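Spelled out, the chains give:
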Amino acid sequence: MREMTDKDVDVDVDVLVIGAGVVGIYALQQAVEAGFSAQTLEAGDGVGGVWYWNRYPSARFDSESYAYAYIHSKELFTGWKWQEEFATQPEIESYLNFAVDHFDLRGHIRTGERVVSAVWQEAANRWELTTAKGELIWARWVISATGGLSVPNYPDLEGLETFSGQALHTGAWPHTPVDFEGKRVAIIGNGPSGAQLLPAIVDTVEYVDLYQRTPTWTTPLNNTPITAERQTWLREHFEEIAAKLGSPANPTGFLHEPAGKFSTDDSPEERQVFFEKVWNSPGFAKLTTNYYDLTTNREINLEFCEFLANKVRSIVADPETAERLIPKDHLFGAKRPPFVTNYYESFNKAAASLISLKETPIVRADATGIETTAGHRDYDIIVFATGFDFGTGALTRMGVKGLDGLDLSTDWEDGPSDFAGFSANRMPNFFFPGGPHGAGGGNYPRYSQDQIDWITGTMVYAREHGYDRFEPTGTQQEAWMAMVETLAPLSIFSAEHSHYYGANVEGKVRKFLLNPGGRAKLHEMLAEMTSTENYGGALSTVHDRVSAV
Ligand SMILES: Cc1cc2nc3c(=O)[nH]c(=O)nc-3n(C[C@H](O)[C@H](O)[C@H](O)COP(=O)(O)OP(=O)(O)OC[C@H]3O[C@@H](n4cnc5c(N)ncnc54)[C@H](O)[C@@H]3O)c2cc1C
C-alpha cells in the first residue's frame, strides 16, 4: 500500500497511459496483460487518435490496412476484415474501437480528459499529474502516447478572426458533416491531407482553390478493394505476415518486396519500363520497391523525377498548372510524398484552381475570403491542411517537469534530446513512444510496437528485479543523439524544409525529428542497454540512489 497524504488523489496506478491512439491502445493492453494497474486518459471524446481527429472526406491510410493493423494477436488480426487495401478513416476508427473491445480495455480508458501537467515527485518516486478538469493522478510509470501528429499547426493568417464562413483544420475535423455542396472553398496546403481532400470535394463545390507553398511528388495510391480470396490469404498467412512485419530486419515495416536490383542493372529503356511498373504499384511501394540506389544515386533519382514530371504533364491539361505542380527543389522521397487517387486529375475540372503562394502570397483573410497579391477570392469554407507540430508538439504542451523541476519544453527549446526516441535523461519512469526520433518514416505501428514491447519488458524486468526507476544515463542519451546527428544527413527524408525538420511550424527550431538509424539501430542500442543487469545504470533502486549521494 502506498502512503496516502491529505491530497485528494483521484487515480493511483502503476501505469498511466496518455492518449488512446493506435500506440496508446497497444501500450495499455500490454500493461494490463503484464499485470499492472493501468489507466488511459484521452483528450478526445473517443479512441483512435489520428483516426478520431482526422475525419475529413477521403482521409485514409497510405499504409496497407493489414500492415498497419495490430499483429500481436492472431484472433484480432483474423477477426477483422479490411474492406480496402488502404482503408478510409471511418473503417480505421471502427477497427481501433473493435480492438479496444476485443481486449476488454474500455473500462481502463477515460475520454474527454486532457493531461495538463505531469510533475515528478522525487521523494515518492512517482509522477503527479493533473487533468484539465482538475483531477489528481499518481502513477509509478507514465507512457505518454500523445502522438507525433496530434497538435494541428495553423499558419499565422492576419484577419482570420474576421472571416464569416467556416474555418476548419483537417486534423481537428468536426463530427457533424461539413456541407460542401455548391460552396466556395480554399484548401491551404498540398501535403497528404490537402491532396486527399481536393479530389473528394471537387465535384461538389462551386469552386475550390488549392493554395500550394512547395509542390510535392504526389503519386497515385493505387487502392483496390480486398477481394474474398485476398481475405482468405491474409487469414491463412497470419504467422508469415506477422513475422515479416515484426522483424527488426524489415526497415520499413511494410510487406513490399524490394526490386532486388540497382539502376545500373537496367538499360535506360528498361528503366522507363521499370518506372512505369513502380508508378502503378501501391502506396509506399514507390519508395520501398524502387531501385536500391534511388536515394543514394542523385542521377537516378533525377531520372525518376523527370519520369514523374512527365506523368504530371501528361495528366494536367493546362501546361502552366502542370509546371507549378512539379517540384523543383527536392528529389523524390526527400520529403514525405503523398499517395493519392486523382490528385492531378482534379486540376482538369473547371471548379479547381491552383494558387502558388510563392508567386502570389496571401496578404490577409477578411470577412468574405482571402486576399493574395493577385487579388481577392470569396470563400464559404477555408480548410487548413497545414499539418502538425510534428514530434514534440504534444509533449512540450503537457507541463512535463522531471528531476529537480526540469521543464521538458524549456529543455527542448533547441531541439529534443532523448534516448531511443521514447525516454530522456532526468525524466525518470517517463516513456513517450512515437515521440521525436521515434518513427523511422516507414509504417508507423511497427516502430511503435518495437518501442512498447521494450518499455513493457523493462517495467516487468524492473518489477521482478527490485528496481523502481528507469532513466537513461547522460552517456546513453549522448550515444543515441550522436547516432541521430551522424545519420540524419544520410536519411532519405533529408529535405530540411519538411515537417520532419519542424520547418512547417513558424519559429520552430530546425532539427531532424525522425530516427535515421531505423529499427536496426533501435534494436542494436536497446540490446546494448539491456546487456547488463542494471541496463548500464539506467535502472536503479532507492538504495542505489541514496548510496550515490
Ligand atoms: C491524416 C493522417 C494519416 C496518416 N496515415 C498514416 C498511414 O497510413 N500510415 C502510417 O504509418 N502513419 C500514418 N499517419 C501517422 C500517424 O500519426 C500514426 O500512424 C499514428 O496514428 C500515431 O499514433 P499515436 O497513437 O502515436 O498518436 P495519435 O494517433 O496522434 O494519438 C495521440 C492521442 O493522444 C491524445 N493526447 C495528446 N495530448 C494529450 C494530453 N495532454 N492529454 C490527453 N490526451 C492527449 C490525442 O488526443 C490523441 O488522440 C497518419 C497521420 C495523419 C495525421
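Quick notes on the rules
- Residues numbered from 1 in each chain as written.
- Predicted model: local features only at pLDDT ≥ 70, side-chain atom pairs only at ≥ 80, totals over all residues.
- Heavy atoms only, no water.
- Phe/Tyr/Trp six-rings, centres within 6.5 Å; stacked < 30°, edge-to-face > 60°.
- Buried < 20%, exposed > 50% of the residue type's maximum accessible area, 1.4 Å probe, protein only.
- Lys NZ or Arg CZ within 6 Å of the ring centre and 35° of its normal.
- Helix = DSSP H or I, 4+ residues; strand = E, 2+ residues; numbered from the N terminus.
- Pairing = 2+ DSSP bridges.
- Axes fitted to C-alpha atoms, helices over the stretch in contact; angles between N-to-C directions.
- Near = heavy atom within 4 Å.
- Polar contact = N/O pair within 3.5 Å; in protein donor to acceptor, adjacent residues only side chain to side chain.
- Nonpolar A, V, L, I, M, F, W, Y, C, P; charged D, E, K, R; others polar.
- Contact = heavy atoms within 4.5 Å.
- Domains from an automatic or database assignment.
- Salt bridge = Lys/Arg side-chain N within 4 Å of Asp/Glu carboxyl O.

Our focus in this paragraph is the packing of aromatic side chains. Scanning the entire structure with this criterion turns up 44 aromatic pairs. With centroids separated by 5.0 Å and ring planes inclined at 90°, the aromatic side chains of Tyr52 and Trp53 adopt a geometry described as edge-to-face. Note on Trp53: relative accessible area 30%, which makes it partly exposed. Plain terms: the ring middles of Trp120 and Trp127 are 5.5 Å apart, the flat faces sit at 65° to each other, and that makes the pair edge-to-face. The exposure classification of Trp120 matches that of Trp127, with both residues buried. Ring pairs connect the aromatic residues Tyr26, Trp51, Phe61, Tyr68, Tyr70, Trp80, Trp82, Tyr95 and Phe98, which therefore count as one cluster. Over the aromatic face of Trp138 sits the side chain of Arg126, whose NZ or CZ is 3.5 Å from the ring centroid. A cation over a ring is seen here: Arg377 above Tyr207, with NZ or CZ 4.5 Å from the ring centre.

The backbone phi angle of Ser58 is positive, close to 75°, even though this residue is not glycine. Turning to its location among the elements, Ser58 is positioned in the loop between helix 2 (50–53) and helix 3 (65–68). What makes Ser58 partly exposed here is its relative accessible area of 30%. One non-glycine residue, Asn222, lies in the positive phi region at around 55°. One can find Asn222 in the loop between strand 9 (207–212) and helix 7 (228–236). With relative accessibility at 27%, the residue Asn222 sits in the partly exposed group.

Next up on the list: the sheet that holds strand 11 (residues 362–365). Paired through their backbone hydrogen bonds, the strands of a sheet run either parallel or antiparallel. Taken in spatial order, the three strands line up as 11-12-13 in an open sheet, and their pairing is antiparallel. In the strand order of this sheet, the two ends are held by strand 11 and strand 13 (375–378), each with one partner. Strand-to-strand, the axes of this sheet are offset by a mean angle of 20°, without reference to chain direction. Two strands pair when backbone bridges link them, and strand 12 (residues 369–372) and strand 13 are joined in this way by four bridges, in the antiparallel orientation. Each residue of the ladder has a partner; that of Ile370, found in strand 13, is Arg377.

Among the five residues that make up strand 10 (residues 352–356), four are buried, leaving the element largely enclosed by the rest of the structure. In the sheet, strand 9 pairs with strand 10 via five bridges, with the strands oriented parallel. Paired with Gln212 across the bridge in strand 10 is Ser356.

Further remarks concern the site of the ligand. The ligand sits among 33 residues. The nearest are Glu42, Asp62, Ser63, Tyr68 and Tyr444. Tyr68 is positioned with one of its side-chain polar atoms (N or O) 2.6 Å from an oxygen atom of the ligand. Going through the elements one at a time, helix 1 (22–33), strand 2 (38–42), helix 2 and helix 16 (444–465) are the ones with two or more residues in the shell around the ligand. Among the residues forming the shell around the ligand, the class breakdown is 18 nonpolar, eleven polar and four charged.

On the basis of which strands lie adjacent, the open sheet formed by five strands has the order 7-14-8-9-10 and parallel pairing. Sheet topology places strand 7 (166–169) and strand 10 at the edges, where each strand pairs with a single neighbour. Strand-to-strand twist in this sheet, taken as the mean axis angle between neighbours without regard to direction, amounts to 20°. Where helix 6 (residues 192–201) meets the sheet, it contacts strand 8 (184–188), strand 9, strand 10 and strand 14 (381–384), and its direction lies at approximately 160° from that of strand 8.

This paragraph deals with the domain arrangement of the protein chain. Accessible area lost when the parts come together is the quantity often used to give the size of an interface. What the domain assignment reports for the protein chain is domain 1 (8–151 + 389–548) and domain 2 (187–228 + 246–384). With centres defined by C-alpha atoms, the gap from domain 1 to domain 2 works out at 30 Å. Opposite the 36 residues of domain 1 that make contact, domain 2 presents 36 residues. Across the contact surface, domain 1 and domain 2 share one salt bridge. Note that Arg336 is salt-bridged to Asp62, the shortest N-O span being 2.7 Å.

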